[in-house]
There are 2 protein chains.
Amino acid sequence: MRYELYYWPSTPGRGEFVRLALEEGAADYVDVARRKGGMDEMMQLLKGPRVAQPSYAPPFLKAGRQMIGQTANILLFLGARLGLAPASEAGRLWTHQIQLTIADLVDEIHDTHHPIASGLYYEDQKPEAQRRAADFCKNRMPAYLGYFEKILDRNPRGSNYLVGARITYADLSLFEIVAGLTYAFPHNIERQARRHPHLIALHDRVKERPRIAAYLASDRRLPYDQVGIFRHYPELDA
Amino acid sequence: MRYELYYWPSTPGRGEFVRLALEEGAADYVDVARRKGGMDEMMQLLKGPRVAQPSYAPPFLKAGRQMIGQTANILLFLGARLGLAPASEAGRLWTHQIQLTIADLVDEIHDTHHPIASGLYYEDQKPEAQRRAADFCKNRMPAYLGYFEKILDRNPRGSNYLVGARITYADLSLFEIVAGLTYAFPHNIERQARRHPHLIALHDRVKERPRIAAYLASDRRLPYDQVGIFRHYPELDA
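Residues numbered from 1 in each chain as written. Chains lettered and ligands numbered in written order. Predicted model: local features only at pLDDT ≥ 70, side-chain atom pairs only at ≥ 80, totals over all residues.

Enquirer: For this particular structure, what's the right way to read the overall build of chain A?
Expert: In terms of regular secondary structure, chain A is built from 9 helices and 4 strands. Ordered by position in the sequence, the α and β elements of chain A form the string β-α-β-α-β-β-α-α-α-α-α-α-α. For the C-alpha atoms alone, the extent of chain A along its principal axes is close to 50 × 45 × 30 Å. The 238 residues of chain A split such that 48% are buried. The long-range share in chain A, meaning contacts at least 24 apart out of those at least 6 apart in sequence, stands at 69%. (Helix = DSSP H or I, 4+ residues; strand = E, 2+ residues; numbered from the N terminus. Buried ≥ 20, exposed ≤ 12 C-beta atoms within 10 Å, placed from the backbone. Contact = placed C-beta atoms within 7 Å.)

Enquirer: Can you help me understand the interface of chain B and chain A in this one?
Expert: One frequently used descriptor of interface size is the decrease in accessible area upon assembly of the parts. Taken together, the contacts link 31 residues of chain B with 31 residues of chain A. Of all the elements in the fold, those that place two or more residues in the side of chain B that touches chain A are strand S4 (66-69), helix H3 (71-81), helix H4 (89-113) and helix H5 (126-154) of chain B. In terms of residue class, the side of chain B that touches chain A is made up of 14 nonpolar, 10 polar and 7 charged. (Nonpolar A, V, L, I, M, F, W, Y, C, P; charged D, E, K, R; others polar.)

Enquirer: How should the packing of helix H1 (residues 15-24) of chain B against H3 of chain B be read in this particular structure?
Expert: In a pair of packed helices, the angle between the axes and the distance between the axes together describe the arrangement. Residues and elements named next belong to chain B. Axis separation between H1 and H3 bottoms out at 9 Å; the angle between their running directions is 10°. When the axes of H1 and H3 are compared, the pair comes out roughly parallel. Contact residues: Phe 17, Val 18 and Ala 21 in H1; Thr 71, Ile 74, Leu 75 and Leu 78 in H3. A per-class count over the contact of H1 with H3 returns 6 nonpolar, 1 polar and no charged. (Axes fitted to C-alpha atoms, helices over the stretch in contact; angles between N-to-C directions. Parallel < 35°, antiparallel > 145°, perpendicular 65-115°, else oblique.)

Enquirer: Looking at this structure, how should I read the relation of the copies chain B and chain A?
Expert: For the pair of chain copies, the relating operation is a rotation around an axis with a shift along it. For the pair chain B and chain A, the superposition axis carries a translation of 0.0 Å, the fit reaches an RMSD of 0.0 Å, and the rotation angle comes to 180°. In symmetry terms, the pair is related by a two-fold rotation axis. Among all residues of chain B, the minimum C-alpha distance to the rotation axis is found for Pro 115 of chain B, at 2.9 Å. Of the interface residues in chain B, 97% have counterparts in chain A that sit at the interface too, so the contact is made through matching surfaces. (Least-squares fit on C-alpha atoms with pLDDT ≥ 70 in both.)

Enquirer: Got a minute to help me understand the sheet that holds S4 of chain B in this structure?
Expert: Backbone hydrogen bonds hold the strands of a sheet together, and the pairing may be parallel or antiparallel. Residue and element names in this part refer to chain B. With mixed pairing, 4 strands are arranged side by side in an open sheet as S2-S1-S3-S4. Two strands bound the open sheet, and with one partner strand each, they are strand S2 (28-31) and S4. Each strand of the sheet is rotated relative to its neighbour by a mean of 20°, with strand direction disregarded. In this structure, strand S3 (residues 60-63) lies alongside S4, joined through 4 bridges in antiparallel fashion. Of the residues in S4, the one forming a bridge with Ala 63 is Gln 66. (Pairing = 2+ DSSP bridges.)

Enquirer: When you look at unusual backbone geometry in this model, what are you seeing that I'm missing?
Expert: Excluding glycine, residues mostly carry a negative phi; peptide bonds, for their part, are mostly trans. Going from Pro 58 of chain A to Pro 59 of chain A, the amide bond is cis rather than trans, its omega being 5°. Checked against the element boundaries, Pro 59 of chain A lands in the loop between helix H2 (38-47) and strand S3 (60-63). Although it is not a glycine, Gln 70 of chain A adopts a positive phi angle of roughly 75°. Looking at the secondary structure, you find Gln 70 of chain A in the loop between strand S4 (66-69) and helix H3 (71-81). Here Gln 70 of chain A falls in the buried class, since 27 other C-beta atoms lie within 10 Å of it. At Ala 26 of chain B, a position not held by glycine, the phi torsion is positive, near 50°.

Enquirer: What is the right way to look at the packing of H4 of chain B against helix H6 (residues 169-184) of chain B in this model?
Expert: All names here are of chain B. Here H4 crosses H6 at 20°, and the two axes come no closer than 9 Å. In terms of axis orientation, H4 runs roughly parallel to H6. The handedness of the crossing between H4 and H6 comes out as left-handed. Along the contact surface, H4 presents Thr 95, Ile 98, Gln 99, Ile 102 and Leu 105, while H6 presents Tyr 169, Ala 170, Ser 173, Leu 174 and Ile 177. Split by residue class, the contact of H4 with H6 holds 7 nonpolar, 3 polar and no charged. (Left-handed = near helix turned anticlockwise from the far one by under 90°.)

Have a look at this one:
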C-alpha cells in the first residue's frame, strides 16, 4: 500500500503529526502537494464538485480508494496499520484520547498568534495575540504539559511512553509538540522543562529513534517558519 | 451496561453531544455530576492521584471499568454500541471525521466569547470578542455550515443524514450545533438558514425523532445559558 499524504507543501503544520507516524512506521508514502502539480491534485480533492467525502481542510490521506481527513482520525487509521497503537480497543481509545488532547493544544498554540481571525495576518491582531500568548504561557501551556507529564508518570508500564510499553503515534505527536514549542517559545519552554522531566526525556528518546533521526536529517522534514502553527515571535515569548 | 456520564452539571456544553447519543440510543445511563455528591465523584476521577487514565477535562464516560474522555472519542465508542455509526471501518472513520470537524467548530464558537483566555470573564475580553465574533459570523460560520450542507448534498444515500441512509451520532451533534447557534446568534443563523436547506431539514428531522423529542421535553435537557459554549450576547450577533 502506497499512502498519499495531502498537506500544504511549505510548512510542517498539522501534516507533521502524520508524517512522523508514516516515517516511524516505515510506510511507503508520497507527500503529494510537494511534487510537481501536487497542489492542483490536492485542491481538486478538497474543492472538486464530485468528491463524495471531502475534508474540511488538509491534512488528509488517501489509502487506495479511501480518503481520511482530520489529523487525529488519520492517526487512528494509521496506528492500527503501522504498529503504532495498542492492539486492544481500550488501548486504542486511550491513545486516541491523548491525541485529541494534543489536537486541542495545537489549536491553542495556533491561536496565540491568531486569536481573532485565521484569515487575517498576525500583524492585524498583534495586541490581542500578546494578551492571548501571555495567558497561554502562564496558564494553558503548563496545564497541558503537566497533564502529559502526569500521563507518563502514571503509565503502569513505565514512563518511557504514554501508553503501554511501546511507542505509539501519540508519543511521536508529543515529540512534535515539544520540538515546536521549543522553536516558538524558547524562553517559556525552558522554564517549563525542569518541571516535566518525563516529557523532555520522551522528546529526546523519540528524536534518537533511527527512523526519526534519519527523517529529521532529511529534506523531507520541513523547517519551522512564520506561516505555520509554530511561529517564533519574541514579543509573544515574554 | 449502565453508562456513567461525567460533565459539568449546570450547562449543556460539550456533554450535550454525548447525552444526545445516549438518549437516541436508549442507553441506560446516569448523569453523575447532576446527582447528590456527583460533583465530588467527578472531581475525584479528574484530579485523584491514583487515576491511571485521567481525562484532561469533562466530559468523560465510564463503561464498567473503562474510562473514555474527549467528546468525539466517547461518541466513537458509543456509536458502535448504540447503533449510531456504520458497521464498516471506512464508514466509522468518515463519521468520526465529520464529528471532529464539528468539534473544531465548537471550539471556534466558544472562542467567540473567549478569544483571549478561557480563565477570564467575557467582560474582561469584550472588545476582542466583538472582533472575533464578527469574523466568525462573516467567514467561519458560513464556511463550516456550507461544508456540512455539502456533505449532506453529496451523500450518495440521500440528504436525510450525513452518512449513509441511517442516523449517526454526527447527525445528532449537528442538530445540537444548529440549535445552539440559533440560541447564540439568532440574527446570523437566520441569514444562513436559506442557504443551507439540508442542514435545517436535518435539524428539524432530529428534533422530531420520538426519543429526542421526549428528551428535549424532559428536565434531563438543560437550557442554554451564559456560562457554556453557546451564549447569547446581542452585541456579538451583529
